[in-house]
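Now for the letters of each chain:
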Amino acid sequence: MAKNDFRSLAPARRVLTQIIVLLSVLAAVLLLPNFSGYLQRPIQVCQKCNVILISLDSFRPDHTSLYGYARDTTPNIDRFAKSAFVFDSYFAASYLTPISEMSVHTGKYPFANGVINFQAPLKKDVKTMAQILHEQGYRTAAFGSSPEFRYYEALLKNFSRGFDRYEVAPMVRAPERPSLPDWKPIDQWLTKDQKPFFLWLAIGNAHWPYGQDAPLRFTSPSYRGPLRNIPLASPLLTHIDGTTLYKFRTENVTGWYGMTGYTPQPHIPAWAPKTNITLTADDFSYIKDRYDDGVRNADQYLQKLFSALSRYQLLQNTIVIIQSEHGEELGEHGHIAHDDIWEATTRVPLIIKNPVLAGDRRIPDLISGVDILPTLLDFLGIKGMATDGESFAVSLSGKSDSFSRREVFITRTPLFERLLATPGNPHRVREFITKDDAEHFYDTAIRTAEWKLIHRKARGMLDKFSWWSYLTGQAERRKEYELYNLRNDPGEHENILQKFPEIAKVLLLKLEVWELRTAPKENLPPQNTKEIQEYF
Amino acid sequence: MKSKYVIIFLLFILLAAVSGFLYFQKRKNTPAALACRGCNVIFIGFDSLQAAHVHHLGYPRETTPTLDRLAGEGFSFSQAISPASWTVPGFMSVFTSTFPSVHKVVNRWAVYTKTQKIPSNLKKLSPNIKTITEIMKDHGYRTGGFTGDAGVSGAIGYNQGFEVYTDEKLFGGMDNSLNHTRSWLDQHKGEKFFMFFHGYDVHGQFDIASGYQSPFAPQVYHGPYKGTKAEQAKLREEGLKNGAISLTAADVAFWRAWYDGKIRDADARLGAFIEELSKRGLLDHTVIVLFADHGTEFYEHKRFDHGYTLYDELVRVPLIIRIPGVRGGRIISQQVSTLDVVPAILEILGLNPGEPFKSQMQGQSLVSLLTDTKRPGHDVFIETDYRNYTHKRAIRTDDGWKFILTLESGQEELYSLKPDPQEQNNLIGTERKKADEFREKLFRHLAQTLHTPVGQPLSSQCLPVYPGQCPL
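Remember, predicted model here, so these are calculated numbers, not experimental data.

### Focus on the overall build of chain B
Looking only at helices and strands, chain B features 14 helices and 17 strands. Out of the 472 residues belonging to chain B, those deemed buried represent 61%. Within chain B, contacts between residues separated by at least 24 positions form 70% of all contacts whose residues are at least 6 apart in sequence. Put simply, chain B shows about 18,700 Å² of open surface, and 55% of that area lies on carbon and sulfur atoms.

### So, the overall build of chain A
Secondary structure assignment for chain A yields 17 helices and 17 strands. Among the 536 residues that make up chain A, the fraction classed as buried is 58%. Carbon together with sulfur atoms contributes 54% to the accessible area of chain A, which is approximately 22,900 Å² in total.

### Quick word on the confidence of the model for chain B
Per-residue confidence for chain B averages 90 on the pLDDT scale, and 92% of its residues sit at or above 70. Reported for the predicted complex are a pTM of 0.67 and an ipTM of 0.76.

### Observations regarding the sheet that holds strand β16 (residues 451-455) of chain A
Residue and element names in this part refer to chain A. In space, the 4 strands of this open sheet follow the order β14-β15-β16-β17, with antiparallel pairing throughout. Whereas interior strands pair on both sides, the edge strands pair on one side only; in this sheet they are β14 (408-412) and β17 (481-485). On average, each strand axis in the sheet is inclined to that of its neighbour by 15°, with strand direction left out of account. Bridge count for β16 against β17 is 5 bridges, and the pairing is antiparallel.

### Regarding the pattern of salt bridges
This model, assessed by the stated rule, comprises 54 salt bridges over all chains. The salt bridge partner of K499(A) is E494(A), with a shortest N-O separation of 3.0 Å. We classify K499(A) as exposed; its relative accessible area is 57%. Put simply, R61(B) and D260(B) hold a salt bridge, and the shortest N to O gap is 2.6 Å. One end of the pair, R61(B), is in the loop between β1 (40-46) and α2 (65-73); the other, D260(B), is in helix α9 (residues 249-279), with 199 residues separating them in the sequence.

### Topic: the nonpolar core
Core analysis: the largest hydrophobic core is formed by 126 residues, its most contacted members being F43(B), F77(B), I132(B) and V287(B). Broken down by element, the residue count for this core peaks at 11 residues, all from α9(B). Apart from the residues within four sequence positions on either side, I132(B) is in contact with F43(B), F95(B), F194(B), V342(B), L346(B) and F357(B). Counting residues in hydrophobic clusters, the runner-up holds 63 residues, among them A142(A), I319(A), L377(A) and L380(A).

### Focus: unusual backbone geometry
Peptide bonds are mostly trans, and most non-glycine residues show a negative phi. For the peptide bond that leads from W208(A) to P209(A), omega is -10°, which places it in the cis range. By the element assignment, P209(A) lies in the loop between β5 (197-203) and α8 (234-237). The omega torsion of the bond from E355(B) to P356(B) falls at 5°, within 30 degrees of zero and hence cis. Phi at K104(B) takes a positive value of approximately 70°, unusual for a residue other than glycine. Along the chain, K104(B) turns up in the loop between α4 (100-103) and β3 (109-112). Its identity as a non-glycine residue notwithstanding, E423(B) has a phi of 55°, on the positive side. In this structure, E423(B) sits in the loop between β17 (412-416) and α14 (432-449). Of the residues examined, E423(B) reaches a relative accessible area of 1% and is grouped as buried.

### Some words on the packing of helix α7 (residues 183-190) of chain A against helix α10 (residues 281-311) of chain A
Residue and element names in this part refer to chain A. At a closest axis distance of 11 Å, the pairing of α7 and α10 adopts a crossing angle of 20°. On the basis of their axis angle, the class for α7 and α10 is roughly parallel. In this structure, α7 meets α10 at a crossing whose hand is right-handed. Across the interface between the two elements, W183, I186, D187 and L190 of α7 pack against Y301, K304, L305, A308 and R311 of α10. Here the contact of α7 with α10 is composed, by residue class, of 6 nonpolar, no polar and 3 charged.

### Quick notes on the state of the cysteines
Enumeration over the complete set of coordinates arrives at 2 disulfides over all chains. Disulfide partner of C46(A): C49(A), at an S-S distance of 2.0 Å. In this structure the cystine formed by C46(A) and C49(A) twists about its S-S bond by roughly -80°; its chirality is therefore left-handed. Note on accessibility: C46(A) and C49(A) belong to one class, buried. A sulfur-sulfur distance of 1.8 Å marks the disulfide that ties C36(B) to C39(B).

### Focus: the packing of aromatic side chains
A complete count under the given rule lists 50 aromatic pairs over all chains for this structure. Ring centres 5.8 Å apart and planes at 80° place the aromatic pair W184(B) and F193(B) in the edge-to-face group. By the burial criterion, W184(B) is buried, and F193(B) matches it. Taken together through their ring pairs, the aromatic side chains of F43(B), F91(B), F95(B), Y158(B), F162(B), Y165(B), F194(B), F196(B) and F291(B) make up a single cluster. The ring centre of F80(A) lies 3.9 Å from the NZ or CZ of K353(A), which sits over that ring. Taking the ring centre of W342(A) as reference, the NZ or CZ of R456(A) above it sits at 5.3 Å.

### Quick notes on the side chain of S48(B)
All names here are of chain B. Turning to its location among the elements, S48 is positioned in the loop between β1 and α2. What makes S48 buried here is its relative accessible area of 0%. Among the polar contacts made by the side chain of S48, one reaches the side chain of D47 at a distance of 2.8 Å. Those residues within four positions of S48 in sequence are excluded, and the remaining contacts are V202, H203, Y259, D293, H294, G295, T296 and H306.

### Quick notes on the sheet that holds strand β15 (residues 392-396) of chain B
Residues and elements named next belong to chain B. Across the sheet, which stays open at both edges, the 4 strands sit in the order β14-β15-β16-β17 with antiparallel pairing between neighbours. The open sheet is flanked by β14 (380-384) and β17, the only strands paired with a single partner. Along the sheet, successive strands turn relative to each other by an average axial angle of 15°, direction set aside. Across 5 bridges, the pairing between β14 and β15 is antiparallel. Looking at β15, one finds that T384 is bridged to K392. Lying over the sheet, α14 contacts β14, β15, β16 (401-406) and β17, oriented at roughly 60° with respect to β16.

### Describing the packing of helix α7 (residues 174-187) of chain B against α9(B)
Residue and element names in this part refer to chain B. Contact geometry for α7 and α9: axes closest at 10 Å, N-to-C directions at 10°. Viewed along their axes, α7 and α9 adopt a mutual orientation that is roughly parallel. Where α7 approaches α9, its residues M174, D175, L178, T181, R182 and L185 are matched on the opposing element by A266, R269, L270, A272, F273, E276 and L277. Looking at the contact of α7 with α9 residue by residue, the classes come out as 8 nonpolar, 1 polar and 4 charged.

### Re the pairing of strand β15 (residues 443-447) of chain A
Residue and element names in this part refer to chain A. For β15, the tally of buried residues reaches 5 of 5 residues, placing the bulk of the element in the interior. Going residue by residue along β15, you find D443, A445 and R447 tucked away on one face and T444 and I446 tucked away on the opposite face as well. In this sheet, β15 lies alongside β14 in antiparallel orientation, the contact comprising 5 bridges. Across the sheet, residue T411 finds its bridge partner in β15, namely T444. By the bridge criterion, 4 bridges tie β15 to β16 in an arrangement that is antiparallel.

### What about the environment of F163(A)?
All names here are of chain A. If you trace the backbone, F163 turns up in the loop between α6 (153-160) and β4 (165-168). Using a relative accessible area of 10% as the deciding quantity, one classes F163 as buried. Linking F163 and H134, residues 29 residues apart in sequence, is a C-alpha distance of 7.5 Å. Filtering out sequence-adjacent residues up to four positions away, F163 remains in contact with A130, T140, A141, A142, F198 and W200.

### Quick word on a nonpolar patch on the surface
All names here are of chain B. Side chains of V6, F9, L10, F12 and I13 sit close together on the surface and give an oily, nonpolar patch of about 530 Å² of accessible area. Checked against the element boundaries, I13 lands in helix α1 (residues 2-28). Residue I13 is classed as partly exposed on the basis of its relative accessible area of 42%.

Thresholds, definitions, all that
Residues numbered from 1 in each chain as written. Chains lettered and ligands numbered in written order. Predicted model: local features only at pLDDT ≥ 70, side-chain atom pairs only at ≥ 80, totals over all residues. Heavy atoms only, no water. Helix = DSSP H or I, 4+ residues; strand = E, 2+ residues; numbered from the N terminus. Buried < 20%, exposed > 50% of the residue type's maximum accessible area, 1.4 Å probe, protein only. Contact = heavy atoms within 4.5 Å. Areas by Shrake-Rupley, 256 points an atom, 1.4 Å probe, with all protein chains shown as cover. pLDDT = per-residue confidence, 0-100. Pairing = 2+ DSSP bridges. Axes fitted to C-alpha atoms, helices over the stretch in contact; angles between N-to-C directions. Salt bridge = Lys/Arg side-chain N within 4 Å of Asp/Glu carboxyl O. Core = buried A, V, L, I, M, F, W, Y, C linked by side-chain atoms within 4.5 Å. Parallel < 35°, antiparallel > 145°, perpendicular 65-115°, else oblique. Left-handed = near helix turned anticlockwise from the far one by under 90°. Nonpolar A, V, L, I, M, F, W, Y, C, P; charged D, E, K, R; others polar. Disulfide = S-S within 2.5 Å. Phe/Tyr/Trp six-rings, centres within 6.5 Å; stacked < 30°, edge-to-face > 60°. Lys NZ or Arg CZ within 6 Å of the ring centre and 35° of its normal. Polar contact = N/O pair within 3.5 Å; in protein donor to acceptor, adjacent residues only side chain to side chain. Patch = residues over 30% accessible without salt bridge, like charges linked within 9 Å, V, L, I, M, F, W, Y side chains within 5 Å.

Here is the structure:
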């Protein structure tokens, strides 16, 4: 027996040793949960990191190579996303640019933050991302080419809050829409001084008109169809329903043009069809090709930012969020537009790089536009902001089953361009925006991983004033509820409400509870004053 | 030689006797032995008594000698949950074995606006729903209800099926009910009967003699309260208005002692009632079921009274069943709902209520729990639309969780009742998986069982139970 053998110890010592070992094991066992808790502690804060928010107007993820599109539309974003988190189920809170975008900037749903249409004011007590970061000592600037953040006074006031510098290009006469912001001033601003910065880059390039100023890589130069030489902008595209390109009519054209801030054009443009035209597969391909060219053009532009970040060594202390405020329907429901809350208009790309979090992961879980701000604040360690969203900051550092969101909620306030000025009374439409929006003539939807329920509350009003009805001469005739199973019917073509009424009821109840929680009380239907029943 | 055979024979007899004894002993506790065909049935409605203040269920003070004796002879449930937290919906759920949203008698008024007040009535709101009383009457039982009016007033529909229903005294107590009971029992000697015996003796609005001193009162109390019903009403309304009231520990001790004193007194009156039954020789063929419709909050969540929340001090109630000839004396801890009482009674009596009542019943008979200790309890659902002040729905699971949803605000609460029976620690932010699980179960219940009408805006003015009342 070796001298140091345990058995050679005196019995008392042996017992003492055993006790010590036991106590050590016990201590380890007791402390271990705390230790592993330390390992799984909520994420490391990105202390005073810069923030770049890129808003890519009208980007459909399924038209980006990053999300699996056959065409090479986003090689630069692909490369940038290699060490980033890429989200496969990110949904905008609405389908119109400023409404959706404000949900991201405030972490609150449209009716909770106030921006429910193009003219509604952002609530005074709601803070935007720019305001919060500005208060934290950040220098803040917005550069962009999305006119929706500028062309109404309300839009300008709402979105410029908190920005030292706000250079989102003003709207100019259509179709000369500036497609990409001038890079030089942005480059200069990035390196202006050492203070942490917040940069918001609003790229409008993929929006109507498709492929504006873009090099034509996907569009065939040999296209000879009726759409050649016509800007694929809203006046044209909103005249398409199904396979028909409807002729332009003289009456009511004023209202439409007047509302969008375009120079009123009482005359039908020269390029507008004078009779209805049946569009072919080639014509639709052409539209998609131009759209893809727009997407690629935006991607090319972003490379300027990506290389600047490398060059100035900003990647190591900058959080980059790339997202889109809505997608686009390219004929899935007969329209080329973002006018409804379908999958194609609400499912959008989201890419996040946080230098202190290991990325290069695809996240399949549901994320809503209102989750971005609380997550960003968690990244930065900024506390105390109440939002409607759920931060997924901790989930990014844990296992994927720790994402808590089970459904996303989407609001559709009626696209004002669709509201027809009745002949001789363009002011009527303006009345509609404020009065009826406030009285909740809007649709809402709840979408889980598998189901989507849409409550068409606006159907009555749209029956009367829908642009599409005017165009086609056919009333909208929406059903009150639409239920889609997105696994079997991702195109949302078959309303199966009658087959699954119990699922619809559960979803609708959740939707109504959400509405009550996020809609301001004064906008609830009448009879919202508490009148307690008297006692016995 | 002969003696050997005699011994064997005697042993055989002994064996047979022992087997027979054991066999009949076993039979006594099988469900068949719980049958009581042709027996009378008495529902004792011990209004406002919370289970936590019942002595044999663990309360240190000796508040309930009669209940304890009854439990000793029968079966007492320690996790019996009412489907509502106040009287109007609570007892109606028992009598119909349906959830409040289903029988729709959820408030005193079905419509209550500045311009219109329409009182609730079971027949008008739910013409297809029947009460157990009507079933009993159809089966040849005499039916009598002796109550304290208010939430169980006949006009609301509680008299449905009762040949005699007394409710002339507002917030009347057991003494008053007993007077009526005596004369009624005199009239129907020898006839099988179904009775509802009810009193508000421990309710906040019960008329108590002025200068009442609770036997449990603290020796010295310097606070302002005297224990009057006016004080109770004031504290109740203040709690509703402000969300909480502010009392000192001494005040709370005073009020809880006062409650216990009332319980003791009521228990004694109940004892007199049972004595009356015994005197008339009714106990050996009368099934007695005692339960409360809800409890009473005395500052457990910083408010007074009942109806406005779904915490245990309001929904965990005593439930005692005494079946003649059945040796009980057991406390059953599996969770049940008071919706389960009527199905149990029908099983015990061997009565077939036929359709549509069979399909109407949403409770599950708790008879098998009386003998089978291994059988699990079940999840229970609870609701309130108390005076339009709030609309809450909850699930209390068999394994000790409670998830509460407040419809008008969307607020959610989650409590783990085993470590936190006082429901002070809201786990909604941390126990996300559990919250998801219970939320799903509750929403399914709302949609499938309660048929909560969808498409109705859920504002506190519009009761989510009445379709068409909330025009879009």
